[in-house]
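Observations on the three-dimensional arrangement
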Amino acid sequence: MTHQERRHFQQICAPLPPLITGGTIHRIRRRASADEIIFARACNTGLHHVRDWEQDRSHPRGPELKLIHLTRKRGVDVVSRGADR
């Protein structure tokens, strides 16, 4: 296994970030100055999911959870640019 393959494997299999509350998701979205539809697109999910997360009716898991944490760190613009590729 090459160094690049090992890094790729580690990124894919990295442990998931901790679960977050609806209020935290709402604050992340507001700090990013993104409306719900832009945030949903950045998280590669539907608008209804973002609304459910923010109202604590459900919680993001897997890739969506990682994208939310990435949005918190880097901003919605960085995450959205990756979705456009």
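Residues numbered from 1 in each chain as written. Predicted model: local features only at pLDDT ≥ 70, side-chain atom pairs only at ≥ 80, totals over all residues. Heavy atoms only, no water.

1. A look at the overall build of the chain
As a reminder, the rule being used: Helix and strand labels come from DSSP, where a helix needs a run of H or I of at least four residues and a strand needs a run of E of at least two; each type is numbered from the N terminus. Exposure categories follow from relative accessible area, calculated using a 1.4 Å probe and restricted to protein chains: below 20% of the type maximum is buried, above 50% is exposed, and the middle band is partly exposed. Whether two residues touch is decided by their heavy atoms; if any such pair falls within 4.5 Å, the residues are in contact.
Broken down by element type, the chain carries six helices and zero strands. Counting over 85 residues, the chain shows a buried share of 29%. Residue pairs in contact within the chain that sit at least 24 positions apart in sequence constitute 60% of those at least 6 positions apart.

2. With respect to the side chain of His69
With respect to the element layout, His69 can be found in helix H5 (residues 62–74). Owing to a relative accessible area of 13%, His69 belongs among the buried residues under this scheme. With near-sequence residues (within four places) excluded, His69 lies in contact with Pro17, Pro18 and Ile20.

3. Regarding the nonpolar core
As a reminder of what qualifies: Nonpolar core, defined: a set of buried Ala, Val, Leu, Ile, Met, Phe, Trp, Tyr and Cys residues in which side-chain atoms within 4.5 Å join the residues together.
Counting 13 residues, the largest nonpolar core has Ile20, Ile25, Phe39, Trp53 and Ile68 as its most contacted members. Those elements giving two or more residues to this core turn out to be helix H2 (22–31), helix H3 (36–42), helix H4 (47–54) and H5. Per-element tally for this core: the top contributor is H3, with three residues. With residues up to four places along the chain from it excluded, the contact list for Ile68 reads Ile20, Ile25, Ile28, Phe39, Cys43, Trp53 and Pro60.

4. Let's talk about unusual backbone geometry
The residue Ser33 is not glycine, and still its phi comes out positive at about 55°. Looking at where Ser33 falls in the secondary structure, it is placed in the loop between H2 and H3. Positive phi, normally seen in glycine, also occurs at Asp56, with a value near 55°. Note that Asp56 resides in the loop between H4 and H5. Taking relative accessible area as the criterion, Asp56 reaches 42% and is therefore assigned partly exposed.

On their own, these measurements won't tell you what the molecule is for.
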